[in-house]
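Architecture and fold: a report
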Amino acid sequence: MKIQSLLLTALLLPLGAMAQDKGAAAPAGSAQEMLMQKAQALTEEQIKQSHDLTALSALAQLYNSKDDMQHLVWTLQRVCELMPNSGDLRLQLAMAYAKAGDKTKAYDTLLRMQVQGFGYDIAKDPRFEPIHGTRVWDYLVANLAVNAKQFGEGKLAFELPRGDFLFNALAWDPKRKQLLVGSERDGSIQLADEQGKLSPFIAADAANGLWGVDALGVDEAHGKLYVASAASLRFKGFNQDNAGKAGIFEFDLATGKLLKKYILPQGDGAHVLTSIAVGKDGQVYAADGPRRSIFKLENGALKSILVNPRLTGITGLALTDDGKTLYIADYAMGIFGFDLTKAGAFELAYDPSKLVLGGIDSMYWYDGNLIVVESGMVPKRVLRVKLSADGRGVVSVMPLDVAQPAFENLGQAAVAGDNLYIVANRQDGLYDDHGVLVDAARLEPTGIFRSNLRFAWGQKGVSAGTGLVPITTAAPGTINRKPGVQPVPEAKDAKPADGKH
């Protein structure tokens, strides 16, 4: 039996639904025993064949509950292969190795994480006690802690008013020199000044038909504002008639007058356009993140140009200034490129063992660089990624801001001249699966963080061939290229005090 079939039928169905041979419902204890027997019969090769993350997660929980460390390690190894940019999963794998008594593999996993730039405080974590007591352990504790240190010159620029707004969408109005802020809850678009004071600009009404605002894009050359809007469950005006509808709304940037709207057909189900990229020539691209598809605004309609079911989702788009290449961010899998002149996709070349380009919540193009906002990285950070001349590989990376105190749950951003304004504490986690605000008392003012995109401009940064760790803080405008890490102990130092290993 294929692993996917076994996992879905034996692990994900409610235990009460599992029946005995004669059709009678099996007692919970008996069903649990049957479930465990099937799980323990799986081989390493069968587990490695699975691409079902939900089932693998259930399987890992089952093995962990029974202290079946060999099967747990196999399962976590496979999950890490499918989610290569997740530090939390690799940390769990290191913990499993430690519990299984495999000190070498636990050290190796933690060392690779440190080289990649992950930062964790593991010094007092009791789950790592089996691998304490060596100089290698001391090295790993010290340098994983260094990676987690705050770095960068960025600051919280201002806060937007507290309330049930879900201000997730940002764009920059270059003429007014103000931020445009979109609400997913009421569909409004407002102007924010340097103190965070809001002024009404566009309201969702029957005339324009706006729903919740998911993303914003500005066409400076033609004076237009493009709004990605959807009638999702979190939109307060959600009803049976508009459920699942989504599209792009085109407004005059100066007046807020609706010019046109481009609505996606609903024949294939609900849509939500989560990202927008607008080119220098006014060309517009939008991504339906959950459906892993990209649309181009062409001849008065949204035309599908790419659908990739192998992606886990699309969380960001960035378009080069020449309009020839579109970069696509997948939260779990990283960054891919799409050659618009040849309609061909390509993988961005870099060494994933030394650089993490995952956990991306949004991505932008700036002066020949990709600007990457990694909320799913530990620590959370903003990177400037310099690409090769052909745009198909990473040359170097400069951390702009890392582990800043304001970085709670990073979201969308907007390039504003030489600055990047970022939603620092996205609050969609306060809403349940039905779009209902669970606890209004937990709402906070929306923090808008400002990063300097030209920080340490012209300096080499961190080579794509070396480990990416936050660079030690230097004087403003300068950079210390020596990461604040300690040297790796020699192999002979890996032995604990009692000489055992």
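As a starting point, this report considers the structure included with it. The structure displayed is predicted, hence computed values, not measured ones. (Residues numbered from 1 in each chain as written. Predicted model: local features only at pLDDT ≥ 70, side-chain atom pairs only at ≥ 80, totals over all residues. Heavy atoms only, no water.)

A few words now on the overall build of the protein chain. Of regular secondary structure, the protein chain possesses eight helices and 26 strands. Counting the 501 residues in the protein chain, one finds 51% classified as buried. Taking the contacts inside the protein chain whose residues are at least 6 apart along the sequence as the reference set, 56% of them involve residues at least 24 apart. Total accessible area on the protein chain is roughly 22700 Å²; 51% of this is exposed by carbon and sulfur atoms. (Helix = DSSP H or I, 4+ residues; strand = E, 2+ residues; numbered from the N terminus. Buried < 20%, exposed > 50% of the residue type's maximum accessible area, 1.4 Å probe, protein only. Contact = heavy atoms within 4.5 Å. Areas by Shrake-Rupley, 256 points an atom, 1.4 Å probe, with all protein chains shown as cover.)

On to the side chain of Asn-242. On the secondary structure map, Asn-242 appears in the loop between β8 (224-230) and β9 (246-252). Residue class for Asn-242 comes out buried when judged on its relative accessible area of 9%. In this structure the side chain of Asn-242 is engaged in a polar contact, spanning 3.0 Å, whose partner is the backbone oxygen of Gly-237. Excluding residues within four positions of it along the chain, Asn-242 makes contact with Trp-211, Ala-231, Phe-235 and Gly-237. (Polar contact = N/O pair within 3.5 Å; in protein donor to acceptor, adjacent residues only side chain to side chain.)

Along an α-helix, residues three or four apart share an orientation, since each turn contains 3.6 residues. Its 14 residues place the ends of helix α5 (residues 69-82) 20 Å apart at the C-alpha level, agreeing with the 20 Å of an ideal helix rising 1.5 Å per residue. Burial runs high along α5: twelve of the 14 residues are buried. (Expected span 1.5 Å × (residues − 1).)

Turning to the packing of aromatic side chains, a few remarks are in order. Here the structure, examined in full by the defined rule, presents ten aromatic pairs. When the ring of Phe-165 is compared with that of Phe-167, the centres are 4.8 Å apart and the planes differ by 15°; the resulting orientation is stacked. What makes Phe-165 partly exposed here is its relative accessible area of 24%. With centroids separated by 4.8 Å and ring planes inclined at 65°, the aromatic side chains of Phe-407 and Phe-449 adopt a geometry described as edge-to-face. One end of the pair, Phe-407, is in the loop between β22 (394-402) and β23 (413-416); the other, Phe-449, is in strand β25 (residues 446-452), with 42 residues separating them in the sequence. For Phe-407, a relative accessible area of 7% corresponds to the buried category. An aromatic cluster is present here, built from Phe-158, Trp-172 and Tyr-421 joined pairwise through their rings. One residue, Arg-392, lies across the ring of Phe-346, its end atom 4.1 Å from the ring centre. Positioned above the aromatic ring of Trp-457, the side-chain terminus of Arg-454 is 4.0 Å from the ring centre. (Phe/Tyr/Trp six-rings, centres within 6.5 Å; stacked < 30°, edge-to-face > 60°. Lys NZ or Arg CZ within 6 Å of the ring centre and 35° of its normal.)

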